[in-house]
Amino acid sequence: MKFQNTKEFAKELDKQDELSSYRNEFCFPQVKGKNVIYFAGNSLGLHSKRAKKYVDEVMTDWENLAVEGHFYAEKPWWDYHERFANPLSKIVGALPSEVTVMNTLTVNLHLMMVTFYKPTSKRFKILCEAKAFPSDQYMIQSQVKFHGLNPEDAIVEIQRREGEHNIRLEDILAKIEEVGDELALVLIGGVNYYTGQVFDMKTITEAGHKAGAYVGWDLAHAAGNIKLNLHDWNIDFAAWCSYKYMNSGPGNASGCFIHEKHHTDTSLSRFAGWWGHNKERRFKMEPTFDPVRSAEGWQISNLPILSLAPYLASVEMFDEIGMDALINKRNTITSYLEFILQEISKEVNGSFEIITPSNQEERGCQLSVFLHGEGRSLFDYLMKNGVIIDWREPNVIRLAPVPLYCSFEDMYNFGQILKKGIVK
Ligand SMILES: *Cc1c(COP(=O)(O)O)cnc(C)c1O
């Protein structure tokens, strides 16, 4: 499609957008009496009206039913989480039995490592990306130390090449081969939080397995953003937070994937709790743990229903739309934003550079922009003028034109504000 940097053209794209009505389902903060242009959905998704309705429902059931709500609420609490299996499995490309919701992201990754990181004197290394999200780095370091190992020996980081912003697939594969039979686990973010780069999870997982390792993925920036096929890619485990692209609300519950092939292997170690116990017998309060033969077997506690309520509303919305339609719009709106950035860059003599891959297969909806010369003052200007973005040291802003609620007109308007901020 040949794009134009005009308001009329942007409005025309909005008219043709099949998802445009969803924008009205979300609440936008206001600056100077106008809805903001919201680019921070990769950090915290917007509040949807459905989410509020679902939370209110639980509050009302609690008010009216108290403990009886576990069984007699309209959506009973004791198996509330089971409502996620179908819609969520479609979002991440899994079997319904392979996904569940529980805890928070870093906690789930720790729990997955209890199962899938079992270092031996020969096979003890973990492969991850250099400059991974800090929580992941702390998590991996602490797991290694927990096993009495030295992070410097056990953690292998894949570096970017000098002068390059993204990690090359060939370098990851070479590293996996090099570490070979010392490799215990590959654990990488499926979409890099800083650059927006999407990794080839299928190929990397295959290579990790060939080396004899388990392979898991942190999908914080992937779930609800890119097409996933966790089951077919034969991934061992994955976890994601729900408050970024999945709009479930601040700090909310995590989703977790465990491949079917592990469900019946009761020799795998895990930290157990009663909500992972055989459902038919859960309330018999037996002394011996008998895990559910599905992802639910990794659950520990009874679930925080007030947290799950807005997440469920969101998952149902994704299900209604379907990932294909969402990705379709994502590709167009992200390309349009890229075009607008390039146009404005020309007009102001190229003072910034997009460091996210330009190939649609290697990115989701985030564009990370390195500001040469411009910096914090431009960021402040944008924020003051109703553009919500985020700032990452040393000089990067991240823009996520989330297809569920961002409009093409937003992209055009953003370009105009950006230009003013640079030439002011
Ligand atoms: C957002 C994010 C997290 C956050 O973890 P929480 O446990 O939800 O606080 C972890 N890892 C990555 C890659 C992230 O992007």
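None of the values given here were measured: they were computed from a predicted structure.

S.K.: Explain the overall build of the protein chain here, please?
M.R.: From N to C terminus, the protein chain includes 13 helices and 17 strands. Expected size for 424 residues packed as a compact globule is a radius of gyration near 22 Å; at 22 Å, the protein chain falls within 12% of this value. C-alpha extents for the protein chain along the principal axes are approximately 70 × 60 × 35 Å. A fraction of 71% describes how many contacts in the protein chain between residues 6 or more apart in sequence connect residues 24 or more apart. Here the protein chain has roughly 18300 Å² of accessible surface; of this, 51% comes from carbon and sulfur atoms.

S.K.: Whenever I open this one, the pattern of salt bridges confuses me. Can you help?
M.R.: Side-chain pairs of opposite charge can arise where the charged atoms are in close proximity. The tally for this structure, following the rule as stated, stands at 27 salt bridges. Between aspartate 324 and lysine 227 there is a salt bridge whose closest N-O contact spans 3.0 Å. Residue aspartate 324 is found in helix H11 (residues 323–347), and its partner lysine 227 is found in the loop between strand E10 (214–218) and strand E11 (237–241); the two are separated by 97 residues along the sequence. Note on aspartate 324: relative accessible area 52%, which makes it exposed. The shortest N-O distance in the salt bridge between arginine 293 and aspartate 290 comes to 3.0 Å.

S.K.: Quick question: what am I supposed to make of the packing of aromatic side chains here?
M.R.: A ring pair, where both rings are aromatic, is described by two values, the distance of the centres and the angle of the planes. Inspection of every chain in the model, using the stated rule, returns 22 aromatic pairs. The interplanar angle of 45° and the centroid separation of 5.9 Å between the aromatic rings of phenylalanine 9 and tyrosine 336 together place this pair among those described as tilted. Of this pair, phenylalanine 9 sits in helix H1 (residues 7–16) while tyrosine 336 sits in helix H11; the two residues are 327 residues apart in sequence, bridging distant segments of the chain. Across the pair, tyrosine 336 and phenylalanine 9 agree in class, each one buried.

S.K.: Honestly, the pairing of E10 in this entry has me stumped. Any pointers?
M.R.: Within a regular strand, the side chains alternate between the two sheet faces. The buried count for E10 comes to 4 of 5 residues, which makes it a mostly enclosed element. Relative to E10, strand E9 (residues 183–189) is paired through 5 bridges, and the arrangement is parallel. Considered in E10, the bridge of glycine 189 is made with aspartate 218. Once the chain exits E9 it traverses helix H9 (residues 201–210) before rejoining the sheet at E10, and the crossover so formed is right-handed.

S.K.: When you look at a nonpolar patch on the surface in this model, what are you seeing that I'm missing?
M.R.: Taken together, the side chains of Phe71, Tyr72, Trp274, Phe283 and Met285 present a nonpolar region at the surface, about 600 Å² in accessible area. Mapped onto the secondary structure, phenylalanine 283 falls in the loop between strand E12 (254–258) and helix H10 (305–321).

S.K.: What's the story with the packing of H1 against helix H13 (residues 408–423) in this structure? I'm lost.
M.R.: Between two packed helices, the angle of one axis relative to the other and the distance separating the axes together describe the packing. Closest axis-to-axis distance for the H1/H13 pair is 7 Å, and the angle between their directions is 155°. One way to sum up the angle between H1 and H13 is to call them roughly antiparallel. You can see that H1 and H13 cross each other, and the crossing is right-handed. Residues Lys7, Ala10, Lys11, Leu13 and Asp14 of H1 pack against Phe408, Glu409, Tyr412 and Asn413 of H13. A per-class count over the contact of H1 with H13 returns 4 nonpolar, 1 polar and 4 charged.

S.K.: Teacher, can you tell me more about the environment of glutamate 18 here?
M.R.: Mapped onto the fold, glutamate 18 is located in the loop between H1 and strand E1 (26–27). A relative accessible area of 74% means that glutamate 18 is categorised as exposed. Sequence spacing of glutamate 18 and alanine 325 is 307 residues, and the spatial spacing of their C-alpha atoms is 8.4 Å.

S.K.: Explain helix H2 (residues 49–65) to me, please; I cannot follow it from the model alone.
M.R.: The α-helix winds at 3.6 residues per turn, so residues separated by three or four positions along the chain end up facing the same way. Across its 17 residues, H2 extends 24 Å between first and last C-alpha, which sits within 8% of the 24 Å expected from 1.5 Å per residue. Backbone geometry just after H2 places alanine 66 at a positive phi near 45°.

S.K.: Sorry, what's going on with the sheet that holds strand E16 (residues 390–392) here?
M.R.: The pairing of strands in a sheet comes from backbone hydrogen bonds and takes either a parallel or an antiparallel form. Read across the sheet, 4 strands follow the order E13-E14-E17-E16 without closing on themselves; strand pairing throughout is antiparallel. Looking at the sheet topology across the chains shown, the edges are occupied by strand E13 (352–354) and E16. Taking the axes of each pair of neighbouring strands and ignoring which way they run, one obtains an average angle of 30° across the sheet. Judged from the 4 bridges that link them, strand E14 (residues 367–371) and strand E17 (residues 396–399) form a sheet pairing that is antiparallel. Bridging from a neighbouring strand, serine 368 pairs with arginine 398 of E17. Against the sheet, helix H12 (residues 376–384) touches E14, E16 and E17, its axis set at about 165° to E16.

S.K.: How should the nonpolar core be read in this particular structure?
M.R.: Nonpolar side chains tend toward joint burial in soluble globular proteins. Among the nonpolar cores identified, the biggest contains 137 residues, and Trp240 and Tyr336 are the most heavily contacted of them. Listed in part, the 5 residues of the second largest apolar core include Tyr193, Tyr194, Ile355 and Phe370.

S.K.: Sorry, what's going on with the state of the cysteines here?
M.R.: In a disulfide, the sulfur atoms of two cysteines are held together by a covalent bond. Evaluation of the coordinates by the stated rule reveals 0 disulfides. Cysteine 406 provides the cysteine sulfur closest to cysteine 27, a residue in no disulfide bond, and the two sulfurs are 14 Å apart. Here cysteine 256 stays free of any disulfide, with the sulfur of cysteine 241 as its closest cysteine sulfur at 13 Å. Residue class for cysteine 256 comes out buried when judged on its relative accessible area of 0%.

S.K.: Quick question: what am I supposed to make of the packing of helix H5 (residues 105–116) against helix H6 (residues 134–146) here?
M.R.: Where H5 meets H6, the axes come as close as 10 Å, and the angle between the chain directions of the two elements is 30°. Viewed along their axes, H5 and H6 adopt a mutual orientation that is roughly parallel. Relative to H6, the crossing made by H5 is right-handed. Taking contact as the criterion, the partners of Thr106, Leu109, His110 and Met113 in H5 are, on H6, Ser135, Asp136, Met139, Ile140, Ser142 and Gln143. Among the residues forming the contact of H5 with H6, the class breakdown is 4 nonpolar, 5 polar and 1 charged.

S.K.: Explain the site of the ligand to me, please; I cannot follow it from the model alone.
M.R.: Taken together, Leu105, Thr106, Phe133, Asp136, Asp218, Ala220, His221, Tyr243 and Lys244 make up the full set of residues near the ligand. Note that an oxygen atom of the ligand is positioned 2.5 Å from one of the side-chain N or O atoms of lysine 244. For the ligand, whose unbound accessible area comes to 390 Å², protein coverage reaches 84%. Looking at the shell around the ligand residue by residue, the class counts come to 4 nonpolar, 2 polar and 3 charged.

Basis of the calculations
- Per chain, residue numbering runs from 1 following the sequence as it is written.
- Thresholds applied to this predicted model are a pLDDT of at least 70 for local features of residues and 80 or more for the giving and counting of side-chain atom pairs; totals over whole chains, interfaces and linings are not thresholded and use all residues.
- Heavy atoms from the whole structure form the basis of all side-chain values; hydrogens and water molecules are not counted.
- The helix and strand labels rest on DSSP assignments: H or I over at least four residues marks a helix, E over at least two residues marks a strand, and numbering proceeds from the N terminus.
- Computation of the radius of gyration draws on C-alpha atoms, with the globule rule given as 2.2 Å multiplied by the number of residues to the power 0.38.
- Throughout, a contact is declared for two residues whenever any of their heavy atoms are within 4.5 Å.
- The protein chains shown are the only cover counted for residues, whose accessible areas, like all others here, come from Shrake-Rupley with a 1.4 Å probe.
- Salt bridge criterion: a side-chain nitrogen from Lys or Arg within 4 Å of a carboxyl oxygen from Asp or Glu.
- Under the scheme applied here, a residue whose accessible area is under 20% of the maximum for its type counts as buried, over 50% as exposed, and between as partly exposed, the area being computed with a 1.4 Å probe on protein chains only.
- Only Phe, Tyr and Trp rings are paired, with Trp represented by its six-membered ring, and only when their centres lie within 6.5 Å; those with planes under 30 degrees apart are stacked, over 60 edge-to-face, the remainder tilted.
- Paired strands are those between which DSSP finds at least two bridges.
- By the criterion used throughout, a crossover qualifies as right-handed when its path from the first strand across the helix to the second strand runs clockwise, the strands pointing away from the viewer.
- Patch membership requires over 30% relative accessible area and the absence of a salt bridge. Like charges are linked within 9 Å, and nonpolar side chains (Val, Leu, Ile, Met, Phe, Trp, Tyr) within 5 Å.
- Comment: axis = line fitted to C-alpha atoms, over the contacting stretch for helices; angle = value between 0 and 180 degrees taken between N-to-C directions.
- Each angle is binned into one of four classes, with values under 35 degrees roughly parallel, values over 145 roughly antiparallel, values of 65 to 115 roughly perpendicular, and all other values oblique.
- Handedness of a crossing follows from how the near helix is turned relative to the far one, being left-handed for an anticlockwise turn of less than a right angle and right-handed for a clockwise one.
- Residue type decides the class: Asp, Glu, Lys and Arg count as charged, Ala, Val, Leu, Ile, Met, Phe, Trp, Tyr, Cys and Pro as nonpolar, and the leftover types, Gly among them, as polar.
- Here the expected span of a helix is defined as 1.5 Å times the quantity of residues minus one.
- Only buried residues count toward a nonpolar core. Its members are Ala, Val, Leu, Ile, Met, Phe, Trp, Tyr and Cys residues joined through side-chain atoms within 4.5 Å.
- We call a pair of cysteine sulfur atoms a disulfide when they lie within 2.5 Å.
- Proximity is defined per residue: any heavy atom of the residue falling within 4 Å of a molecule or strand makes that residue near it.
- Pairs of N or O atoms within 3.5 Å make up the polar contacts considered here, provided that, within protein, one atom can donate a hydrogen while the other can accept it, and that residues adjacent in sequence are counted only when both atoms are side-chain atoms.

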